[in-house]
Amino acid sequence: MILQLFWTYIKIGTFTIGGGYAMLPLIEQEVVDKHHWLDGEEYANMIALAQAAPGLIAVNSAIFIGHRLAGWKGVLACVLGAVLPSIIIILLIAMFFRDIKDNPTIEAIFKGVRPAVVALIAATVIRLATKI
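So, how was this worked out
- Residues numbered from 1 in each chain as written.
- Predicted model: local features only at pLDDT ≥ 70, side-chain atom pairs only at ≥ 80, totals over all residues.
- Heavy atoms only, no water.
- Helix = DSSP H or I, 4+ residues; strand = E, 2+ residues; numbered from the N terminus.
- Expected span 1.5 Å × (residues − 1).
- Buried < 20%, exposed > 50% of the residue type's maximum accessible area, 1.4 Å probe, protein only.
- Domains from an automatic or database assignment.
- Contact = heavy atoms within 4.5 Å.
- Buried area = accessible area lost by both parts, 1.4 Å probe.
- Salt bridge = Lys/Arg side-chain N within 4 Å of Asp/Glu carboxyl O.
- Polar contact = N/O pair within 3.5 Å; in protein donor to acceptor, adjacent residues only side chain to side chain.
- Nonpolar A, V, L, I, M, F, W, Y, C, P; charged D, E, K, R; others polar.

**A few points about unusual backbone geometry**
Part 1: Backbone geometry at His-36 places phi at a positive 60°, although glycine is not the residue there.
Part 2: With respect to the element layout, His-36 can be found in the loop between helix H2 (20-34) and helix H3 (40-52).

Have a look at this one:
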């Protein structure tokens, strides 16, 4: 179970761009639809708790799910899985940033990602609003 939690959150952390709110649709897909660790109502309640608690919503949701399913080992697995990809990507970008910061292609990629992040956040808000 611990390894499954870690790999689930590694996927979530690796394939989402835009922070915690952009992760919510993928978290819902993995946790509710695929693994059935929570039902829709429990997921909506978890998001409400994650927003109310101080800290990042993705980390707060990882803490909730990890603790619920596997105690403190689950918390560590989920949180590490959620943040490790971002840490590695940021370190790699920082190492090469001087070489790519003025590259027009890189600037265009970052500008192109913005609308996708906004759409992911809007879809999450709409989905949660319809469940409440």
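**Focus: helix H1 (residues 2-14)**
Part 1: With 13 residues, H1 should cover 18 Å at 1.5 Å per step; its first-to-last C-alpha distance of 18 Å lies within 8% of that length.
Part 2: Buried within H1 we find Leu-5, Thr-8, Tyr-9, Ile-10, Ile-12 and Gly-13.

**Observations regarding the domain arrangement of the chain**
Part 1: Domain boundaries in the chain define domain 1 (2-100) and domain 2 (101-132).
Part 2: Taking only C-alpha atoms into account, the centre of domain 1 sits 17 Å from that of domain 2.
Part 3: Across the contact, 15 residues belong to domain 1 and 12 residues belong to domain 2.
Part 4: Of the roughly 1,200 Å² buried between domain 1 and domain 2 on both sides combined, carbon and sulfur atoms contribute 71%.
Part 5: Together, Pro-25, Glu-28 and Ile-100 form the three largest contributors to the area buried by domain 1 at its contact with domain 2, with a combined 38%.
Part 6: Summed over the shared surface of domain 1 and domain 2, the result is 1 salt bridge.
Part 7: At the surface where domain 1 touches domain 2, the tally comes to 1 residue pair in polar contact (both at pLDDT 80 or more).
Part 8: Elements with a minimum of two residues in the side of domain 1 that touches domain 2: H2, H3 and helix H4 (57-100).
Part 9: For the side of domain 1 that touches domain 2, the leading source of residues is H2, giving 5 residues.
Part 10: Of the residues belonging to the side of domain 1 that touches domain 2, the class tally is 10 nonpolar, 2 polar and 3 charged.

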